[in-house]
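Examination of the molecular architecture
Spelled out, the chains give:
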Amino acid sequence: MMMSRRKRSKTTKIEQLIYIIIGSAIVAFAYNGFLLPNYVAAGGVSGISTITESLFGLEPAYVIWGINLPLLVAAYYLLGKASALRSVAGSIILPFFVFITRNLEPITSDALLAALFGGLGVGIGLGIVFLGDASTGGTALIAQMIHKFTNFSLGAAIAMIDGLIVLTAIIVFDIELGLYALIGLYMTSKSIDLVQTGFNRTKTTLIVSNHYQEVHDAIYKRIDRGVTKLAAQGGFTEADRPVLMCVVFQTEMGALKRTVKEIDPEAFVIVMNSSEVLGQGFYEAV
């Protein structure tokens, strides 16, 4: 059986710039085509610029630049040179694309559709930027600073900032648009994950069987997948018995379960999602 592989390598500066340009263009299109016309402030600096555009008529691109540039300086001194440099290009290019697409005709006037597809577009764009090992700066830099100097985790800091932006949107607009903003945030998060991990989902299985050697050999021969033996001890019997761990693509899961059941109908099998697997037979990182 041929095993599919995806080779990864470190991006060059030119490749990184291409990722940033493509990703930023997609984010700007989603923002001006879906989110801004419908006042869906789905977190981040773009959400802040949506609110300021409604309240004061400020050009969103200028607001994004105005927030990003001081944050880059602060990040340089508080987070280090590396963190700041990763965000420089994205912090400049993203507002540029937001500016040049500012006259884009709204794709829809339905706030729900705007939240769904705007959040999807923003997530895809940001995911592409992240694939280039870059960042668009903004509230992510604020979250990193909070994380560094407080007990908040990075995820909690991001959630807190986005929560404040959505709360502000509820106050400025109404609760309905605030709820749409939450939908947009959810779509952004999920689509970033999709771009980062791809469609090829894998499964991790843990198998407990009295016939572990036969199960091990059958998986190797029939499915052409490696199996790892994990040292374990029965909680009731206290007998030593290895637990078999095997990672397979989702399309191979049915064959794996049939193989185990055929050899040991009483085997205990645990199946877990594995969003990404690096190594021989799967995706390689070099």
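Reading guide: rules and limits
Residues numbered from 1 in each chain as written. Predicted model: local features only at pLDDT ≥ 70, side-chain atom pairs only at ≥ 80, totals over all residues. Heavy atoms only, no water. Pairing = 2+ DSSP bridges. Helix = DSSP H or I, 4+ residues; strand = E, 2+ residues; numbered from the N terminus. Axes fitted to C-alpha atoms, helices over the stretch in contact; angles between N-to-C directions. Contact = heavy atoms within 4.5 Å. Core = buried A, V, L, I, M, F, W, Y, C linked by side-chain atoms within 4.5 Å. Buried < 20%, exposed > 50% of the residue type's maximum accessible area, 1.4 Å probe, protein only. Salt bridge = Lys/Arg side-chain N within 4 Å of Asp/Glu carboxyl O. UniProt positions renumbered as here; feature names shortened; annotations may be inferred. Parallel < 35°, antiparallel > 145°, perpendicular 65-115°, else oblique. Left-handed = near helix turned anticlockwise from the far one by under 90°. Nonpolar A, V, L, I, M, F, W, Y, C, P; charged D, E, K, R; others polar. Phe/Tyr/Trp six-rings, centres within 6.5 Å; stacked < 30°, edge-to-face > 60°. Lys NZ or Arg CZ within 6 Å of the ring centre and 35° of its normal. Expected span 1.5 Å × (residues − 1). Bend = angle between axes of the 7 residues up to and from the residue. Domains from an automatic or database assignment.

**Overview of the sheet that holds strand β3 (residues 228-230)**
If you trace the four strands from one edge of the open sheet to the other, you get β3-β4-β2-β5, paired in antiparallel fashion. Sheet topology places β3 and β5 (268-274) at the edges, where each strand pairs with a single neighbour. Recorded for the sheet is a direction-independent mean angle of 25 degrees between the axes of neighbouring strands. Pairing of strand β2 (residues 202-208) with strand β4 (residues 243-249), which is carried by seven bridges, proceeds in the antiparallel orientation. The residue of β4 that forms the bridge with Thr202 is Phe249. Strand contacts of helix α9 (residues 212-223): β2, β3 and β4, with the helix running at about 20 degrees to β4, the strand carrying the most contacts. Docked against the sheet, helix α10 (residues 253-263) engages β2, β4 and β5, running at close to 10 degrees with respect to β2.

**Quick notes on the nonpolar core**
The tendency in soluble globular proteins is for nonpolar side chains to be buried side by side. In terms of nonpolar packing, the biggest core is built from 39 residues, with Val40, Ile51, Val98, Val122 and Tyr180 touching the most fellow members. The biggest single contributor to this core is helix α1 (residues 13-35), with seven residues. Filtering out sequence-adjacent residues up to four positions away, Val122 remains in contact with Val27, Ala30, Leu35 and Thr188. In this structure, Ile207, Ile219, Val227 and Val248 belong to the second largest nonpolar core, which totals twelve residues.

**Here's the deal with the pattern of salt bridges**
For the coordinates displayed, the defined rule picks out three salt bridges. In this structure, the salt-bridge partner of Asp133 is Arg86, at a minimum N-O distance of 3.7 Å. Of this pair, Asp133 sits in the loop between α5 (111-131) and α6 (139-149) while Arg86 sits in helix α4 (residues 81-100), placing them 47 residues apart in sequence. A salt bridge links Arg222 to Glu262; its shortest N-O distance comes to 3.2 Å. Placement of the pair is Arg222 in helix α9 and Glu262 in helix α10, with a sequence separation of 40 residues.

**Considering the UniProt feature "transmembrane region" (unreviewed entry) in the protein**
Following the UniProt record, one finds the feature "transmembrane region" (unreviewed entry) at residues 20-41, 61-79, 84-100, 112-131 and 152-173. The distance from the first to the last C-alpha atom of residues 152-173 is 29 Å, and the span holds 86% helix and 0% strand.

**Comments concerning the packing of helix α3 (residues 60-78) against α6**
The interhelical angle for the contact between α3 and α6, taken along N-to-C directions, is 30 degrees, at an axis separation of 10 Å. Of the possible angle classes, the one that applies to α3 and α6 is roughly parallel. Of the two possible hands of crossing, α3 and α6 adopt the one that is left-handed. Judged by residue contacts, Leu71, Leu72, Ala74, Ala75 and Leu78 of α3 engage Leu141, Ile142, Met145, Lys148 and Phe149 from α6. Tallied by class, the residues present in the contact of α3 with α6 amount to nine nonpolar, no polar and one charged.

**A closer look at the packing of aromatic side chains**
All told, the structure shown has six aromatic pairs when counted by the stated rule. The interplanar angle of 20 degrees and the centroid separation of 6.4 Å between the aromatic rings of Tyr62 and Trp65 together place this pair among those described as stacked. Here Tyr62 pairs with Trp65, and both are found in helix α3, just three residues apart, close to one helical turn. When its relative accessible area of 21% is taken as the criterion, Trp65 is described as partly exposed. One residue, Arg102, lies across the ring of Phe99, its end atom 3.9 Å from the ring centre.

**As for α4**
End to end, α4 covers 30 Å across 20 residues, agreeing with the expected 28 Å (1.5 Å per residue, within 8%). Taking the largest bend as the criterion, α4 deviates by roughly 35 degrees, centred on Ser87. Buried within α4 are the following residues: Ala84, Ser87, Gly90, Ser91, Ile93, Leu94, Pro95, Phe97 and Val98.

**What about the side chain of Thr139?**
Within the element layout of this structure, Thr139 appears in helix α6. For Thr139, a relative accessible area of 13% corresponds to the buried category.

**Here's the deal with the packing of α1 against α5**
Where α1 contacts α5, the axes come no closer than 7 Å and their chain directions differ by 170 degrees. Taken together, α1 and α5 sit at an angle that is classed as roughly antiparallel.

**Some thoughts on the domain arrangement of the protein**
Per the domain assignment, the segments making up the protein are domain 1 (13-197) and domain 2 (202-273). For domain 1 versus domain 2, the separation of C-alpha centres amounts to 43 Å.

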